[in-house]
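Structural description and commentary
Now for the letters of each chain:
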Amino acid sequence: MLCEVNKFLLLRLVLVLGVMDTLSLLYVILFYTLSVDIVFLVNYTFLGILAVLAFGSLKSGIKVLYSNPYVLSIIFILIMSFVKILYSALTFSELMNGYITNYFYSLIMPLFCFLFVSRFKYDDYGQVIICFTNFARQYAYLAVFFLLVYSGLYFLGYIDYFGLGSNLHYVVPFIMKSNTGFFLIFFVIVVSGKRAVLVTFFSQSIIYWAGSMSRGNKNGVLWLSLVVAILAWLWTETDLFKRLEYLVLIDFDDQYSLMQAFSGRFEEVLGITEFFKQNNYALLVGAAPGEFFMYSAETGNHFYNEPKNFSHVGPFSFAFRYGLIVSLFFYFWAFYCFIRYFDSSSPFYMAFVGVIISSFFGANLLVDPIAWLLVAFFLKFRKYSKLVI
């Protein structure tokens, strides 16, 4: 009985730390308004979550290490990573110590998530959903508050940059049935200016309502039409989507235009492509832990030329770190899961969709343990999502 209590206690602790991730929004506001740079503190939140997951994984059992295909896949990539770093050391390749650390963090994080989730049984579905629903509400309350503060400061002229991201697309699936909550979050995402979050949220909404209509709920057409109408009006009558217009008006011969349109992602892809040209073997097996590509970008009067070991475009990050084979396999597998286990009524399915779509615009799968926890629970309960709570 103690084991049963502990796993839910640890899950609640992980999710409490996940709610604290909203403080990153406050850190960014403080940086923009008072030049107080404490954004790095969000790393301690992630490390705290990882520590709890690691502790919770201790009772998962040895059998999981060789019976769980996801755990086995990560262990295989870890072994290959050690081989690559050994080869790099023997060939005196240039490595950066900090990049070695975050390389292995990005692998250990999903490993502990899958090990921790393996302790849960199918009968635990109802209690797990309750835990995540409480987490979603708390996260949404705080995130909405901080995003409204940010938006207010921007429109009042105290902040110059328009665009503050959040993980609201992680939590929306657990509160999506509340029309009031949905439209409040929709409004906040629009006025906070983050394109990636808006695209992810809108994609989730289309999938959710499409599934709702397939189940005979005709209201889905009404709500989807309303959202599209609101977006169309905002596009034509306001400047809220000015950053989206950069994508339409992009000039590929203009470095500044590229930066405005893709926020540096295009330059990251170019840097990775150049790395592969210079290191042909890495295209198949990925870069060694500690290796990097050069990121060169121009933003107005500033020019950047610095090393990086990840991209904000998930498939390219995976290709750079683990090789083209792993990257293609992962995203084909994700697409297979999207089709095979389609169930828009399942919060974990919708959260999985949000995690995968957002990975095309950010580095969530390399840094965020909550993202992998959602993936792990989706895979755990993918056949049991219709259980009655």
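First, a word on scope: everything that follows refers to the structure included in this document. (Residues numbered from 1 in each chain as written. Predicted model: local features only at pLDDT ≥ 70, side-chain atom pairs only at ≥ 80, totals over all residues. Heavy atoms only, no water.)

**Focus on the overall build of the protein chain**
In plain terms, the rule: Runs of H or I in DSSP of at least four residues are treated as helices and runs of E of at least two as strands, each being numbered from the N terminus. By the convention used here, residues are in contact when the closest approach between their heavy atoms is within 4.5 Å.
If you tally the helices and strands in the protein chain, you get 20 helices and two strands. Sequence separation of 24 or more characterises 75% of the internal contacts of the protein chain that already satisfy a separation of 6 or more.

**Looking at the nonpolar core**
Rules: The definition of a nonpolar core used throughout is a set of buried Ala, Val, Leu, Ile, Met, Phe, Trp, Tyr and Cys residues joined through side-chain atoms within 4.5 Å. When a residue's accessible area, from a 1.4 Å probe over protein chains only, is under 20% of the maximum for its type it is buried; when over 50% it is exposed; and in between it is partly exposed.
Ranked by internal contacts, the top residues of the largest apolar core, which has 103 residues, are L11, F132, F348, L373 and F377. Counting residues per element, this core draws most heavily on helix α7 (residues 125-155), at 14 residues. Filtering out sequence-adjacent residues up to four positions away, F132 remains in contact with L11, L15, F174, F348, L373, L374 and F377. Counting residues in hydrophobic clusters, the runner-up holds 10 residues, among them I272, A282, F293 and A297.

**Comments concerning the side chain of R119**
Worth spelling out the cut-off: Two N or O atoms count as a polar contact when they lie within 3.5 Å, although within protein this holds only if one can serve as hydrogen donor and the other as acceptor, and sequence-adjacent residues are included solely when both atoms are side-chain atoms.
One can find R119 in the loop between α6 (97-117) and α7. A relative accessible area of 11% places R119 in the buried class. A polar contact of 2.9 Å, which involves the side chain of R119, links it to the backbone oxygen of G56.

**Looking at the pattern of salt bridges**
In plain terms, the rule: Think of a salt bridge as a Lys or Arg side-chain nitrogen and an Asp or Glu carboxyl oxygen that are within 4 Å of each other.
Under the definition given, this model contains two salt bridges. Residue E268 is joined to K308 by a salt bridge in which the shortest nitrogen-to-oxygen separation is 2.6 Å. Of the two residues, E268 is situated in helix α14 (residues 265-278) and K308 in strand β2 (residues 302-308); the sequence distance between them amounts to 40 residues. An identical accessibility class is assigned to E268 and K308; each is buried.

**So, the layout of surface pockets**
Rules: Throughout, the protein atoms alone are placed on a 1 Å grid, and a set of points is a cavity if a 1.4 Å probe fits but cannot get out or a pocket if it is open with protein on both sides within 12 Å along at least five of seven lines; lining residues have an atom within 4 Å of a point. Grid points are joined across faces, edges and corners, and a volume is the space filled by probe spheres set on the points.
One number sums up the size of the second largest pocket: a volume of about 470 Å³. Around the second largest pocket sit 20 residues that line it, and S73, I74, I77, F329 and F330 are the ones nearest its centre. Contributing elements (two or more residues each) for the lining of the second largest pocket: α5 (69-90), α6, α16 (314-322), α17 (324-340) and α19 (364-367).

**Re unusual backbone geometry**
For S35, which is not glycine, the phi torsion reads 60° and is therefore positive. Topologically, S35 is positioned in the loop between α2 (23-34) and α3 (42-57).

**So, the packing of α3 against α6**
For clarity, the threshold we go by: As a rule, the C-alpha atoms of each element are fitted with a line to give its axis, helices using only the stretch in contact, and angles between N-to-C directions run from 0 to 180 degrees. Note that the term roughly parallel is reserved for angles under 35 degrees, roughly antiparallel for angles over 145, roughly perpendicular for angles of 65 to 115, and oblique for everything else. Crossing handedness is read from the near helix: turned anticlockwise from the far helix by less than a right angle, it gives a left-handed crossing, and turned clockwise, a right-handed one. Amino acids are sorted into nonpolar (Ala, Val, Leu, Ile, Met, Phe, Trp, Tyr, Cys and Pro), charged (Asp, Glu, Lys and Arg) and polar (every other residue, Gly among them).
Relative to each other, α3 and α6 sit at 45°, their axes nearing to 8 Å. The orientation of α3 with respect to α6, classified from their angle, is oblique. As α3 packs across α6, the resulting crossing turns out to be left-handed. Between α3, through F46, L47, L50, L53, A54, G56 and S57, and α6, the contact on the second element is made entirely by Y105, I108, M109, F112, C113, L115 and F116. Considered class by class, the residues forming the contact of α3 with α6 number 12 nonpolar, two polar and no charged.

**Here we look at the packing of aromatic side chains**
In this description, an aromatic ring pair is defined by two values, namely the gap between the centres and the angle between the planes. As a reminder of what qualifies: Stacked, tilted and edge-to-face pairs are distinguished by plane angle, under 30 degrees for stacked and over 60 for edge-to-face with tilted covering the rest, among Phe, Tyr and Trp rings (Trp via its six-membered ring) whose centres lie within 6.5 Å. Criterion for a charge above a ring: Arg CZ or Lys NZ at most 6 Å from the ring centre, at most 35 degrees from the ring normal.
One pass over the structure, following the stated rule, counts 47 aromatic pairs. On the numbers, 6.4 Å between centres and 75° between planes, the contact of Y341 with F378 is edge-to-face. One end of the pair, Y341, is in the loop between α17 and α18 (347-359); the other, F378, is in helix α20 (residues 369-380), with 37 residues separating them in the sequence. As far as burial versus exposure is concerned, Y341 and F378 are alike and both buried. Of note, K308 hangs over the ring of Y295, and the distance from its end group to the ring centre comes to 4.3 Å. A cation sits over an aromatic face here: K308 above F310, 5.3 Å from the ring centre.

**Notes on a nonpolar patch on the surface**
Our working rule: Note that patches include only residues with greater than 30% relative accessible area and no salt bridge, and the join distances are 9 Å for like charges and 5 Å for nonpolar side chains (Val, Leu, Ile, Met, Phe, Trp, Tyr). In short, Shrake-Rupley with a 1.4 Å probe defines the accessible areas, and a residue's cover is counted only from the protein chains shown.
The grouping of F76, M80, Y87, Y281, L283, L284, V285, L324, I325, L328 and F332 at the surface amounts to a nonpolar patch, some 1000 Å² of accessible area in total. Mapped by element, the contributors of at least two residues to the nonpolar patch are α5, α15 (282-285) and α17. The element best represented in the nonpolar patch is α17, accounting for four residues. By secondary structure assignment, the location of F332 is in helix α17. F332 sits in the exposed class, given a relative accessible area of 58%.

**A word on α7**
Filter applied, for reference: Between the first and last residue of a helix there are one fewer steps than residues, each counted as 1.5 Å, and that sum is the expected span.
Its 31 residues place the ends of α7 43 Å apart at the C-alpha level, agreeing with the 45 Å of an ideal helix rising 1.5 Å per residue. With its phi angle positive at about 95°, G157 sits one or two positions after the end of α7.

**Digging into the environment of F276**
Positionally, F276 belongs in helix α14. Separated by 10 residues in sequence, F276 and G286 have C-alpha atoms that sit 8.9 Å apart. With residues near it in sequence (within four places) discarded, F276 still touches A282, L283, A319 and F320.

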